[in-house]
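An overview of the molecular structure
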Amino acid sequence: MEDRELEKRLKDENVDIPESLKPENMKTKLDEVKMKAMAGNISPSEDVPVISKNEPKKHGSAKKILYTLGLAASFALVFGLGYFANSKKPTNDKKSPEQTETVDKTGEDDTKEEGIPHISNGYEKSYKALSRIKDYYYGRYDKNIVFEETADEAKNSTTGALNKGGTDKLTPGVTPSFTDTNERTEGVHEDDVIKTDGNYIYVYNSSREKVEIYSAKNGKTELQSKINLVSLDSYDSNIYVAGDRLITIGYREKDSVSSTAWVDNNETVVMIYNIKDRTEPKLIESVSQDGSYSESRLVDGYLYVFSNYYVNTNDMDENDPETYIPTADGSLIPDDDIYVIDNCISQSYTVIKAIDIEDATVVSRKAFLGGSDLCYVSQDNIYLIDSYYNSSSFSLIDKSGIVRVSYKDGKLKTEAKGTFAGYVKDHYSIDEADGYVRVCSTYYSNAQKNAVYVLNMDLEKVGVLKGIAKNETIKSVRFMGDTAYMVTFRRTDPLFAVDLSDPENPEIIGYIKLPGFSDYLQPYGDNLLLGVGFSADETTGRTSCIKLSMFDISDPTDIKELATKELLDYNHSGVIDNTKNFMFDKESGLFGTTFYSNYYYNEDEKDYTNYGIYTYDEKKGFELKLEAKLGESSSYGYDNSPYYTSVATRGMIIGDYVYVVTADGAIQTFDKTTFKQVQ
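Below you will find a few notes about this structure. Just so you know, these numbers come straight off a predicted model, no measurement behind them. (Residues numbered from 1 in each chain as written. Predicted model: local features only at pLDDT ≥ 70, side-chain atom pairs only at ≥ 80, totals over all residues. Heavy atoms only, no water.)

1. Here's the deal with the pairing of strand β17 (residues 348–356)
Which entries qualify depends on this criterion: Exposure classes here rest on a 1.4 Å probe applied to the protein chains alone. A residue is buried below 20% of its type maximum, exposed above 50%, and partly exposed in between. Under the DSSP-based scheme used, a helix requires at least four consecutive residues in state H or I and a strand at least two consecutive residues in state E, with every element numbered from the N terminus. At least two DSSP bridges between two strands are needed for those strands to be called paired.
The element β17 is extensively covered by neighbouring structure, given that 9 of its 9 residues are classed as buried. Neither face of β17 is left uncovered, since the one carrying S348, T350, I352, A354 and D356 and the one carrying Y349, V351, K353 and I355 both have all their residues buried. Where strand β13 (residues 302–310) meets β17, 9 bridges bridge the pair, whose relative direction is antiparallel. In the strand pairing of β17, S307 is matched with V351. With 8 bridges joining them, β17 and strand β18 (residues 361–369) adopt antiparallel strand pairing. Each bridged residue has a counterpart across the sheet, and for T350 the counterpart in β18 is F368. In this structure, the hairpin formed by β17 and β18 is closed by a connection of 4 residues, where A360 is found at a positive phi of approximately 55°.

So, in structure tokens, the structure goes:
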């Protein structure tokens, strides 16, 4: 609010607007927060020796690559606590990287987990680790603080069945073709505030705390029913739809806390409804777990829910586990399902629960002390990524930890742990394929740099490529088969193609340099890659408007920009804040997202948001097909403001119609061919 008022005052006084105040740069600022904050307070690198990749493959673009990798620019001023990732100087010797911890794979008993180096389990281990963290914060200059590195065996423990409700099987029914939530991994479904199954549209209406169900047929919509969430004291809900099951996930304050000590009083609540009759949804079951809701995934009928549970170390009582152990469904998570990641310095658990949504039963649950910055879920594994600090001094970050948890049929099993230098931007920066995990990270070693790591299933490093794009930060990544496309930015937008076909020798094979940067990358048909981001001044790096780019990647060694379009009236897009905002229809080639204009960018001095749908033609370039107006405002409130609308609106194609749906339940419908409004 203060930033917006200051920006308007500066504009009225004809003063240049500070770059940091502009909405399009706020996300950049948040990324920068993860980097350097205190000059000279950098802990020594704990990374392994790496293979030098100073020489790219001998392709036509080799000279461009060498030139780019040689670019250096002074590091911009950043704010707040930074994240650091140092590395030893690379060597030109072709020696194998040092291996990280391994997991003992002897035995096939599913009821038993073998010990994993640097992960231990149990209440006692948890209490000791939290006590060390407490001492670490309040006695941070004590160099004698040491974090244990032990490993114990652990056994799976599953809860009993909950009360079953509803006997309807999951039946997809007959539906027209439709676009669903834009998701990271095929077959791994993600929650959203608006969903469709091709016959109905489901909307979580945040202003009314309701889930509203609308029929959608031939471009017409009609309200069928509402699910009231206010009575359950739930808020910030997200939803799933699977056959005749509707799932809402949110968090709320618990009714009471049994301990006299202060503890995290938030709990995540999952409610499963039978919606065979869309006019009369029926609640089957409600389950809960400690902590604020983080995210979730739905795979093959099993829901995996993640929450973050914070522990107040000042109020811990060793004899009262409720003061430092999370609960699920009112009972403490069992001793064997508590995992402690050594060297962690976080007071938060990541709590994971697996639920069979057909039977409404909890299959398994686990909690990892150490929390996680983010998670990536492949078709077989959950990867928890967490930032590390140096454990011998109060110094800044120099690496991240990664834990692999398999989840077949709802059975969670901790498999392996590893590390890599730096931090990752989001879950698009991680990928699993053919028995390997590929990670793109930004780290700090005398300057900000970027890296690509290849890990095996034991999370041992098998291939490393470091020193990419000095003084730049990763803005977007897209893995496509054996190639990773990575965008970095400081003043220009280098788009790198990294060959991963040889896991032990990842290397840059292609490169293109353009003004601005792509903040989101989307595969678009055969051999095409779409970028949505910002235009920027090539000299200063100052961003201006939204920019669309189409790249020809038929030859990754010679990437070409086929078309670009600057949207001069818009300075932000919903997909940049939330990738679920993006809609892509493979059949027609139509893609859509919201576009936002801050009053500084238009003559009306109002904020406004529109939903735009474009297509691409090799001769005509980008073509605007639809621009649906969503709202405008001259006030600076957040709820129901044009900016909030830009984040929470979704576009979808059902059959021959385009539906643009806002979070307050307003639906506009357009003919898919003529784009004339139907409703």
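2. Concerning the side chain of D431
The line we're drawing: Polar contacts, as used here, are pairs of N or O atoms within 3.5 Å; protein pairs need one atom able to donate a hydrogen and one able to accept it. Residues neighboring in sequence count only if both atoms are side-chain atoms. Pairs of residues are marked as contacts when any of their non-hydrogen atoms sit within 4.5 Å.
Summarising the element assignment, D431 is placed in strand β23 (residues 430–433). A residue is classified by how much of its surface remains accessible, and D431, at 10% relative accessible area, is buried. Reaching out from D431, the side chain makes a polar contact with the side chain of R184 at a distance of 3.2 Å. Leaving out residues up to four positions away in the same chain, D431 has contacts with R184, Y376, Y436, V437, R438 and F479.

3. Thoughts on the sheet that holds strand β32 (residues 528–536)
As a reminder, the rule being used: Each axis is a line fitted through C-alpha atoms, taken for helices only over the stretch in contact, and angles between the N-to-C directions span 0 to 180 degrees.
Pairing within the open sheet is antiparallel, and its 4 strands lie in the order β31-β32-β33-β34. Edge positions in the open sheet fall to β31 (517–523) and β34 (560–567), since each of these has one partner strand only. Within the sheet, the average angular offset between the axes of one strand and its neighbour, ignoring direction, is 20°. Judged from the 6 bridges that link them, β31 and β32 form a sheet pairing that is antiparallel. If you follow Q522 over to β32, its bridge partner there is L530.

4. Focus on the nonpolar core
Rule in force here: By nonpolar core we mean a set of buried residues, namely Ala, Val, Leu, Ile, Met, Phe, Trp, Tyr and Cys, connected to one another through side-chain atoms within 4.5 Å.
Within the largest apolar cluster, 38 residues are counted, with the highest numbers of intra-cluster contacts made by F591 and F622. For F622, the residues in contact, after removing those within four places along its chain, are L530, L548, S549, M550, A563, T564, K565, F591, Y614, T615 and Y616. With 25 residues, the next largest nonpolar core counts V193, I213, I275 and V661 among its residues.

5. Quick look at the sheet that holds strand β21 (residues 399–406)
Hydrogen bonds between backbone groups are what pair the strands of a sheet, and the pairing can be parallel or antiparallel. The sheet built from 4 strands is open, its strands ordered β19-β20-β21-β22 with antiparallel pairing. Strand pairing shows two members of the sheet lacking a second neighbour, β19 (374–377) and β22 (413–421), which therefore form its edges. Geometrically, the sheet is characterised by an average inter-axis angle of 20° between neighbouring strands, direction not taken into account. Here strand β20 (residues 381–388) pairs with β21 via 8 bridges, running antiparallel. Bridge pairing in β21 places L384 opposite V403.

6. Overview of unusual backbone geometry
Phi is positive for A360, close to 55°, though the residue is something other than glycine. By secondary structure assignment, the location of A360 is in the loop between β17 and β18. Positioned with a positive phi, F675 is a non-glycine residue whose angle comes to about 65°.

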